[in-house]
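Observations on the model geometry
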Amino acid sequence: MLSQASAETYYQSYAVVLAVLAAGVLLVGVAFLAARLIAPHRPLPAKLTTYECGIDPVGQGWSQSQVRYYIYGFLFVIFDVEAVFLFPWARIFERLGYQAVVEMGIFIGILAVGLLYAWRKGVLKWV
Amino acid sequence: MIAQAGASFVNDLFNNFWVVLVIKAVLVLGFFLVAPLVVGYMEHKVLAHMQARLGPWYAGRFHGWAQLVADGVKFVQKEDVIPEAADRSVFSLAPAVVMIPYIVTVVVIPFSHTIYAENLDIGIFFVLAMSSVSVIGVLMAGWSSANKFSLIGALRAAAQLIAYELPLVLAAAAVVMQNGTLSLIGISESQSHVWNVAWQPIGFLIFLVASLAELTRPPFDMPVADSEIIFGAYTEYTGLKFAFFLLAEYGGIVVLSAVASVLYLGGYLGPPVVASLLPAPIWMAGKIGALSFFVIWLRATYPRLREDQLQRFSWLALVPLALLNVMVVAIVKIAVK
């Protein structure tokens with residue numbers, strides 16, 4: 001449970017993050033507005049075609065493309081969840097002692113074996 | 001009497017929460033608009049001299065120092081072409097989604113133990129989370145352009161983030177274990193005797209390589225490989241929107257150099273013996289400059305990695321090495337205690 005004062009400083013520290021976020025949005029907005037006022041605007045059909053090395057574009061831009069790495073995607077999700085667990089542990093593991101290290105060793109070990117398995121199965125290949 | 005009233009008014013002003021908030025936001029934004037230009041100019045000059053050229057020379061009279069300012073002014077005047085086939089709103093939003101996360105990241109970067117916008121207690125976690133938002137903007141840009149080159153570039157960028165986010169996060173986690181805090185100020189302060197790079201040289205290398213890949217800088221610039229896919233996800237962009245992508249790239253170099261120097265090179269602390277010779281912000285700026293120089297140097301030195309080499313290098317070399325690094329740090333830390 002946060003006390004009243006510490007809760008207040010907690011939210012205040014994120015107020016700066018929000019303020020900078022707002023400043024960033026403002027920057028983009030003002031710059032786009034300036035560009036709209038200053039920059040010329042003469043759309044021509046040829047200018048608005050999709051760029052394809054100077055020849056007329058073939059087919060649609062959203063043509064079927066092969067996503068070559070969906071298995072990498074799965075692996076990434078698994079390891080990224082591990083990273084979320086890792087940070088709180090990394091902060092305090094020293095206080096918890098060797099048990100915490102053994103536990104995290106088992107956790108990381110299982111993931112490492114998984115990575116090894118994926119590699120041996122040949123899914124870590126850019127097809 | 002009046003002077004006193006004036007002084008107390010100024011005092012009140014700087015104690016007012018909202019006034020301070022606005023000042024901080026303006027300073028952070030100012031830093032983000034200036035520092036990337038310095039690094040960009042450095043890139044022009046360093047690359048030029050490494051290739052026995054002069055680089056920018058005329059703008060601003062002295063060694064072309066105002067070249068990037070002139071570029072910026074010119075970008076604003078350029079026609080904003082949105083292709084007929086593009087998804088207009090997503091296309092226009094993408095540059096902002098790429099750039100704004102880097103601006104927000106500057107909030108937690110410390111320049112001395114008193115000069116920072118905010119000392120978030122989840123500092124490094126915040127930086128890692130924010131820096132991976134940008135790739136969503138790249139995917140938006142690539143998809144909404146309705147251009148085959150853009151789509152291929154965006155998919156490659158996403159694949160690269162997926163592969164190199166893990167070594168980056170794991171290397172940072174090892175630093176957190178070493179120093180027992182997530183706050184960037186805390187991590188800097190706990191390196192007052194020995195910099196982390198002395199304990200974790202491998203972690204430092206992993207972090208550097210992974211952040212190069214996150215920024216899609218050479219030799220990891222397959223997503224924007226200009227010899228085969230024009231300029232990747234940014235192919236259809238012109239004018240100001242294109243400029244924002246460039247600003248995000250150089251801003252990213254500044255931010256990740258700053259984070260790498262906080263994590264491994266003592267941040268705003270100088271080397272233990274000579275630290276008092278220069279003020280803290282100078283040390284920090286010097287380290288950011290040195291790491292940015294290193295990033296530029298690599299561009300002039302190494303050829304581009306092929307896409308499958310990129311993926312193999314991360315999954316089969318960096319990820320296992322980073323996991324090993326985490327375990328070794330944990331065991332040594334417990335054993336020493």
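Every value quoted in this text rests on a predicted model; they were computed, and no experiment measured them. (Residues numbered from 1 in each chain as written. Chains lettered and ligands numbered in written order. Predicted model: local features only at pLDDT ≥ 70, side-chain atom pairs only at ≥ 80, totals over all residues.)

**Notes on the overall build of chain B**
Of the regular secondary structure elements, chain B holds 14 helices and zero strands. Ordered by position from the N terminus, the helices and strands of chain B form the series α-α-α-α-α-α-α-α-α-α-α-α-α-α. In terms of C-alpha radius of gyration, chain B reaches 21 Å, essentially the compact-globule figure of 20 Å for 337 residues. Its C-alpha atoms put chain B at 65 × 60 × 40 Å along the principal axes. The buried share of chain B, taken over its 337 residues, is 53%. (Helix = DSSP H or I, 4+ residues; strand = E, 2+ residues; numbered from the N terminus. Rg over C-alpha atoms; globule rule 2.2 N^0.38 Å. Buried ≥ 20, exposed ≤ 12 C-beta atoms within 10 Å, placed from the backbone.)

**Concerning the overall build of chain A**
If you tally the helices and strands in chain A, you get three helices and zero strands. For 127 residues, the compact-globule formula gives about 14 Å, and the C-alpha radius of gyration of chain A, at 26 Å, lies well above that figure. Each of the three principal axes of chain A carries a C-alpha extent, and together these read 70 × 55 × 15 Å. Looking at chain A residue by residue over its 127 residues, the buried ones come to 15%.

**A short note on the domain arrangement of chain A**
Per the domain assignment, the segments of chain A are domain 1 (1–59) and domain 2 (66–127). In this structure, domain 1 of chain A and domain 2 of chain A have C-alpha centres spaced 34 Å apart. (Domains from an automatic or database assignment.)

**As for the interface of chain A and chain B**
At the junction of the two partners, chain A supplies 54 residues and chain B supplies 61 residues. Elements supplying a minimum of two residues to the side of chain A that touches chain B: α1 (4–38), α2 (70–96) and α3 (98–120) of chain A. Here the element with the most residues in the side of chain A that touches chain B is α1(A); it accounts for 17 residues. (Contact = placed C-beta atoms within 7 Å.)

**What to know about the nonpolar core**
Grouped together as the largest cluster of nonpolar side chains are 135 residues, with contacts concentrated most on A:Val20, B:Ala154, B:Ala172, B:Ala173 and B:Phe207. Of the residues forming this core, the biggest block, 23 residues, is contributed by helix α7 (residues 148–179) of chain B. The residue makeup of this core includes at least three contributed by each of domain 1 (1–59) and domain 2 (66–127) of chain A. Here B:Phe207 is in contact with B:Leu168, B:Ala171, B:Ala172, B:Ala260, B:Leu263 and B:Tyr264, once residues within four sequence places are set aside. (Core = buried A, V, L, I, M, F, W, Y, C linked by C-beta atoms within 7 Å.)

**A closer look at the packing of helix α6 (residues 134–144) of chain B against α7(B)**
Residues and elements named next belong to chain B. Following both chains from N to C, one finds α6 and α7 inclined at 160°, their axes separated by 7 Å at the closest point. Here α6 is positioned roughly antiparallel relative to α7, judged by the angle of their axes. Every pair of crossing elements has a handedness; the one defined by α6 and α7 is left-handed. Of the residues in α7, those touching α6 at Val135, Val138, Leu139, Ala141, Gly142 and Trp143 are Ser150, Leu151, Gly153, Ala154, Ala157, Ala158 and Leu161. Taken together, the residues of the contact of α6 with α7 sort by class into ten nonpolar, three polar and no charged. (Axes fitted to C-alpha atoms, helices over the stretch in contact; angles between N-to-C directions. Parallel < 35°, antiparallel > 145°, perpendicular 65-115°, else oblique. Left-handed = near helix turned anticlockwise from the far one by under 90°. Nonpolar A, V, L, I, M, F, W, Y, C, P; charged D, E, K, R; others polar.)

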